[in-house]
Structure formats: structure tokens, C-alpha cells
Amino acid sequence: MIAKLVTYGKDREEATSRMVEALDGYYIRGVNHNISFLNALMVHPRFVSGKLTTNFIAEEYPDGYSADMVPQDDPAITAVVAAAVNKKYRDRSAMLSSQMGGARYHAPSDWVVIIGDQYTPVSVVQNEEGFDALLDGKEYRVETQWKLGEPLFKGKVNGREVCVQVDRENSGFALFHRGAEKKVLVVTPMTAELNKHMLFKEPPDMSKYLLSPMPGLLVSIAVKEGDEVKEGEELAVVEAMKMENSLRAVQDGVVKKVSVEQGDSLVVDQPIIEFE
């Protein structure tokens, strides 16, 4: 447990609203946490209405939880904030010194926000109070004092208070708001058209591997090559933060290869065992 967060209000609705706002601004990096899941619970219709049972999670998330699938009451906020953040970075790029004469960079106003397979054209300009954006024919007034590099984008979007966590990831951004985590790419219209032709690279299938869930010391390993294992059987023990963590089989299988030895120092996602 990292911390406990408590909010209160005159009624359940106000207390829940304050909890959602507090979770939006709860910025933690470097360790795994479940803030996204907690925020998703706070905005879930069943939680809001108070119609809860001990089977709530099993009933509402039978296939597990994914932060990129959390519905938003106003999905445009993520796109508008991403466009504003991108505009801020692009305007700074235009101020770089020693640019070649006749080829000076001028940050455009028209962009395309890519979230998953959705391509959303957005026009955004900066003003003294923040930004003016146009998305799907609707105008958005963004009032903010956000500065480059700040992890929390705080301000108002059409008068509504918002707090969005912002991380730069390669050429795009990772945004967290109301329990949803979105990987966002903001590009020019031409780049957006070319991006549609990019081939999708399937991630490698790691389902046949036991991976180290954390950095730590391999205290013991209970199997060897050729062994048959059953679901729930202990395979290895990893010591981290002065605690021993038992790693168990999630299904029946046969050990094909043991990639490490007792006493080895492991890193996150390092293969320990490969199965046939």
C-alpha cells in the first residue's frame, strides 16, 4: 500500500466528485499502482448510484480491467488537451535559434489527434489565457497556466475544471483522466494520412514465458527442463523489498527451458522459464 485517500462532502455525490478530482491529480511514477482502476470505479454508473455488492468487480469486469477502455463523459477533453500541449511544445520549437534562413519553422494551427484508430482534426491557437480550439465544429476555450514539463495539466475547458496527467512518450503523449489512460499522437494532416498506411507490428507472444514481475533476487527455482507443472504450482521465489514473492503457474504445461539460476539478480520482465 502506498497511501490512503479520503474525501468527504455534504452527500455521496459531492464526496465521489471530490474523490475523482483527487485521483486525477494523484501523480505517481516509478512503482505500479491502481489509481486508474480506482478512478474508473468512482465514475462507474453502479458506484455512482450506490448499487453495489461484493460481486461488483467480478460482474462488471469479467475479462479484467483495461485503462484504455474506460468510457469518458466528454471524450473531446482528452483530444483538446493533447492538442493544446502539443501546440505549446511546437511553439517552443519555433523559437529555436540558428535556424536556416528561408526555412524557419512555423508551428501550424491545424493538427490531427490520433487515439487508437480514431483520427480527430483539431485547430488550436494560443492566447493570453490559454488556448482556443475547434473540434468537430465545436469551439473549446481552454484556460490554463500550464507550463512545459509539468506533469499535471490543470485548467478549465469551456468553464469545466479539469486535471489531466501528461507524460511525454517518444513522439507522443500518455494522458490520464477520469480513470482512462490514452496513448496520443498529435501530427499534421499530411502525416496523419501517411500514418494510416503504416503496418501494425504485432507484439511478441510472451504467454509461454514466466517473467520476473519486479527487480529482485531469485531465491529458488522449483522446476527443471522437462518437468510437467500444474496450474497453481510454485515455480520460483523472487525476493524484493525484503519480501519473498512466490511465482506460480497459471496453467498446466511442460518446462522447455530454465533461463536463470538460483542467486541471479533479475530485472523486470526478465524471462525465468520458457514452456513448450
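Residues numbered from 1 in each chain as written. Predicted model: local features only at pLDDT ≥ 70, side-chain atom pairs only at ≥ 80, totals over all residues. Heavy atoms only, no water.

Caption draft 1: Inspection of the pattern of salt bridges at higher detail. Applying the stated criterion across every chain yields a total of 13 salt bridges. In this structure, Glu-129 engages Arg-141 in a salt bridge whose closest nitrogen and oxygen atoms are separated by 3.0 Å. In this pair, Glu-129 is assigned in the loop between strand 2 (118–126) and strand 3 (130–135) and Arg-141 in strand 4 (residues 138–144), connecting sequence segments 12 residues apart. Arg-141 sits in the partly exposed class, given a relative accessible area of 31%. Close ionic contact of Lys-196 with Glu-193 constitutes a salt bridge, the shortest N to O distance being 3.3 Å. The exposure class assigned to Glu-193 is partly exposed, which follows from its relative accessible area of 44%. Each of Arg-46, Glu-59 and Glu-60 takes part in a single network of salt bridges with overlapping partners. (Salt bridge = Lys/Arg side-chain N within 4 Å of Asp/Glu carboxyl O. Helix = DSSP H or I, 4+ residues; strand = E, 2+ residues; numbered from the N terminus. Buried < 20%, exposed > 50% of the residue type's maximum accessible area, 1.4 Å probe, protein only.)

Caption draft 2: Expanded view of the layout of surface pockets. Within this model, the largest pocket holds a volume of roughly 750 Å³. Lining the largest pocket are 28 residues, with Ile-114, Ile-115, Gly-116, Lys-182 and Lys-183 positioned closest to its centre. Contributions of two or more residues to the lining of the largest pocket are made by helix 5 (76–93), strand 1 (110–115), strand 2, strand 7 (172–177) and strand 8 (180–187). Here the lining of the largest pocket gets 5 residues from one element, more than from any other, and that element is strand 8. In terms of residue class, the lining of the largest pocket is built from 13 nonpolar, 8 polar and 7 charged. By volume, the second largest pocket is sized at about 350 Å³. Along the wall of the second largest pocket there are 13 residues; nearest its centre are Ala-3, Leu-5, Asn-34, Ile-35 and Leu-38. Counting only elements with at least two residues in the lining of the second largest pocket, the list comes to helix 1 (12–24) and helix 2 (35–43). With 3 residues, the single largest contributor to the lining of the second largest pocket is helix 2. (1 Å grid on protein atoms, 1.4 Å probe; cavity = no way out; pocket = protein on both sides within 12 Å on 5 of 7 lines; lining within 4 Å. Points joined across faces, edges and corners; volume = space filled by probe spheres on them. Nonpolar A, V, L, I, M, F, W, Y, C, P; charged D, E, K, R; others polar.)

Caption draft 3: Summary view of the sheet that holds strand 10 (residues 216–221). Across the sheet, 4 strands lie side by side as 13-12-10-15; this open sheet has antiparallel pairing. What marks the edges here is a single partner per strand, and that holds for strand 13 (243–248) and strand 15 (265–266). Where strand 12 (residues 234–240) and strand 13 come together, 6 bridges link them in antiparallel fashion. What sits directly across from Glu-239, in strand 13, is Glu-244. (Pairing = 2+ DSSP bridges.)

Caption draft 4: A look at unusual backbone geometry. If you check the backbone angles, Ser-98 has positive phi at about 65° while not being a glycine. In this structure, Asn-170 takes a positive phi of about 55° despite not being glycine. Its location among the elements puts Asn-170 in the loop between strand 6 (160–169) and strand 7. For Asn-170, a relative accessible area of 81% corresponds to the exposed category.

Caption draft 5: Quick peek at helix 1. Taking 1.5 Å as the rise per residue, helix 1 with 13 residues should run 18 Å; its terminal C-alpha atoms sit 18 Å apart, in good agreement. Within the sequence span of helix 1, burial applies to Ala-15, Thr-16, Met-19, Val-20, Leu-23 and Asp-24. Elements in contact with the buried residues of helix 1: helix 2, helix 3 (45–49), strand 5 (152–157), strand 6 and strand 7. At the N-terminal end of helix 1, a side-chain oxygen is found 3.3 Å from the backbone nitrogen of Glu-13, two or three residues along, and the residue is Asp-11. (Expected span 1.5 Å × (residues − 1). Contact = heavy atoms within 4.5 Å. Polar contact = N/O pair within 3.5 Å; in protein donor to acceptor, adjacent residues only side chain to side chain.)

Caption draft 6: The arrangement of the environment of Leu-266 in detail. Looking at the element boundaries, Leu-266 is found in strand 15. Assessed through its relative accessible area of 4%, Leu-266 is described here as buried. Each C-alpha atom of the pair Leu-266 and Leu-194 lies 41 Å from the other, and the pair is 72 residues apart in sequence. Setting aside residues up to four positions removed in sequence, Leu-266 forms contacts with Ser-212, Met-214, Pro-215, Gly-216, Leu-218, Val-238, Val-260 and Ile-272.

Caption draft 7: Region of the structure containing the sheet that holds strand 1. Strand order around the closed barrel formed by 8 strands is 1-2-3-4-5-6-7-8, with antiparallel pairing between neighbours. The mean angle between the axes of side-by-side strands here comes to 35°, regardless of whether they run parallel or antiparallel. Bridge count between strand 4 and strand 5: 3 bridges; the pairing is antiparallel. Along strand 5, the bridge assignment pairs Val-142 with Val-157. Taken strand by strand, helix 5 contacts strand 1, strand 2, strand 3, strand 4, strand 5, strand 6, strand 7 and strand 8, and its axis lies near 55° from that of strand 2. (Axes fitted to C-alpha atoms, helices over the stretch in contact; angles between N-to-C directions.)

No statement about biological role is implied by the geometric values presented.
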